[in-house]
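# Descriptive structure summary
What follows is each chain in one-letter form.
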Amino acid sequence: MEREKANYVREWNHFRQCEQAEIAARCQIWRSLRSGEPIHFEAITAATGLSVEHIQRLLPHNSTSYSLADALTDEWPSYMEIIEGEPIPPVTPPVIHQKIWGALLRQIDAAHEGEAARYVVRPFEKKGDDPATVSTVLFPDILLVLDERQMDEHGYIGAPPLIMEILSPESKRRDLTIKLEIYQRAGVKEYWTVHPDTATVQVYVREENGTFQAHPPYHRNDTVKIGVLEGGSVKLSEVFCGE
């Protein structure tokens, strides 16, 4: 049993090291493509330990930037996002992130007969689009599905009515700037940013002019209404109870 466990740990560590190397290689490939410079395979090999043949298999499908076509391959790393063609390395969330995620899901599911979960979302995709032309692919922490017709076998097509992101030190800047702008431009009706460090929630609601209006922050003892879900609400005392 101990030998089997040791072998499993060894194989898992090898897999993680290879995945991290592939992530680093994809980021370097994208930087070269963006700048118009040649891809220096030998330099990437020296930095990652991957062979030139391995790196060549990581090149984007459309030859200029990464897209949904790449994210659908078996080799694509779990939860690695793409923003306007750029591969974004996934971050490992702290334990509190998972606790908050579960507490939010339980309350949303209790108020909603549909589904709230973590799905890949392509906010600007239209049905029938070639995957190689879909340059933004995101993995929000929670999205609310009100119309099953917007779902396919790969996730959500277009802008969901509600998206929640639980902030971590590594993702905070991106969630509050780049992703906020993407969700606003795509037409998301309600965007929640959950702040574990301050036990607060910031809610952005889409106005008639298409821009987000930020509500004052909600605190630990507040109950937050879900604007896109009639009768739905979240008690933050149950979300931040372990803080």
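See the structure printed just above.
Residues numbered from 1 in each chain as written. Predicted model: local features only at pLDDT ≥ 70, side-chain atom pairs only at ≥ 80, totals over all residues. Heavy atoms only, no water.

### Considerations on the overall build of the protein chain
A count of helical and extended segments in the protein chain gives 8 helices and 13 strands. In terms of overall size, the protein chain behaves like a compact globule, its C-alpha atoms giving a radius of gyration of 20 Å where 243 residues would be expected to give roughly 18 Å. Here the protein chain holds 243 residues, and 45% of them are scored as buried. In the protein chain, 56% of the contacts between residues at least 6 apart in sequence involve partners at least 24 apart. Put simply, the protein chain shows about 13,200 Å² of open surface, and 50% of that area lies on carbon and sulfur atoms. (Helix = DSSP H or I, 4+ residues; strand = E, 2+ residues; numbered from the N terminus. Rg over C-alpha atoms; globule rule 2.2 N^0.38 Å. Buried < 20%, exposed > 50% of the residue type's maximum accessible area, 1.4 Å probe, protein only. Contact = heavy atoms within 4.5 Å. Areas by Shrake-Rupley, 256 points an atom, 1.4 Å probe, with all protein chains shown as cover.)

### Some points on the sheet that holds strand E7 (residues 155-157)
Ordered in space as E4-E7-E6, the 3 strands form an open sheet in which the pairing is mixed. The sheet is open, and its two borders are formed by strand E4 (121-122) and strand E6 (151-152), each paired with just one other strand. (Pairing = 2+ DSSP bridges.)

### A short note on the nonpolar core
Grouped together as the largest cluster of nonpolar side chains are 22 residues, with contacts concentrated most on Leu104, Trp192, Val234, Val239 and Phe240. Secondary structure elements with two or more residues in this core: helix H5 (95-111), strand E5 (142-145), strand E8 (162-166), strand E9 (190-195), strand E10 (200-206) and helix H8 (236-239). With residues up to four places along the chain from it excluded, the contact list for leucine 104 reads Ile142, Met164, Ile166, Val194, Val234 and Val239. (Core = buried A, V, L, I, M, F, W, Y, C linked by side-chain atoms within 4.5 Å.)

### Comments concerning the packing of aromatic side chains
Tallied over the full model, the rule gives 6 aromatic pairs. Relative to tryptophan 76, the ring of tyrosine 66 has its centre 5.8 Å away and its plane inclined at 50°; by these criteria the two rings are tilted. Pair noted here: tyrosine 66 is in the loop between helix H3 (52-56) and helix H4 (68-71) and tryptophan 76 is in the loop between H4 and strand E1 (81-83), with a separation of 10 residues, a long-range link. A residue is classified by how much of its surface remains accessible, and tryptophan 76, at 8% relative accessible area, is buried. An aromatic cluster of three or more residues is present, and its members are Tyr183, Tyr191, Tyr204 and Phe212. (Phe/Tyr/Trp six-rings, centres within 6.5 Å; stacked < 30°, edge-to-face > 60°.)

### Brief notes about unusual backbone geometry
Residues other than glycine seldom take positive phi values, yet serine 63 does so here, at roughly 75°. Residue class for serine 63 comes out exposed when judged on its relative accessible area of 53%.

### Thoughts on the side chain of serine 32
Examined against the element boundaries, serine 32 turns out to sit in helix H1 (residues 2-35). Classification of serine 32 by relative accessible area gives buried; the value is 4%. Look past the residues within four positions of serine 32 in its chain and what remains in contact with it is Glu37, Pro38 and Ile39.

### Structural notes on the pattern of salt bridges
Applying the stated criterion to the full structure yields 9 salt bridges. Across the pair glutamate 125 and arginine 122 runs a salt bridge, and its minimum N-O distance is 2.5 Å. Across the pair, arginine 122 and glutamate 125 agree in class, each one buried. In this structure, the salt-bridge partner of aspartate 197 is lysine 172, at a minimum N-O distance of 3.8 Å. (Salt bridge = Lys/Arg side-chain N within 4 Å of Asp/Glu carboxyl O.)

### A closer look at H5
The end-to-end C-alpha distance of H5, which contains 17 residues, comes to 25 Å, matching closely the 24 Å that a straight helix rising 1.5 Å per residue would cover. Regarding H5, the residues found buried are His97, Ile100, Gly102, Ala103, Leu104, Leu105, Gln107 and Ile108. (Expected span 1.5 Å × (residues − 1).)

### A word on the pairing of E5
Taking every second residue as pointing to the same face, both faces of E5 are buried, with Ile142 and Leu144 on one and Leu143 and Val145 on the other. Where E5 lies against E8, 3 bridges are found, and the strand directions are antiparallel. By the bridge assignment, leucine 143 is partnered in E8 with isoleucine 163.

### Regarding the environment of leucine 105
Mapped onto the elements, leucine 105 comes out in helix H5. The exposure class assigned to leucine 105 is buried, which follows from its relative accessible area of 11%. C-alpha separation for the pair leucine 105 and phenylalanine 240, spaced 135 residues apart in sequence, amounts to 13 Å.

### Here we look at the pairing of E10
Strand residues, when the strand is regular, have side chains that alternate between the two faces of the sheet. Across the 7 residues that make up E10, a large majority, 5, are buried. Sheet topology note: the E9/E10 ladder contains 6 bridges and is antiparallel. Bridged to threonine 193 within E10 is glutamine 202. Here 3 bridges tie E10 to strand E11 (residues 212-214), and the two strands are oriented antiparallel to one another. Bridge pairing in E11 links tyrosine 204 to alanine 214. Linking E10 back to E11 in an antiparallel pair, the connection comprises 5 residues, with glycine 210 at a positive phi of about 90°.

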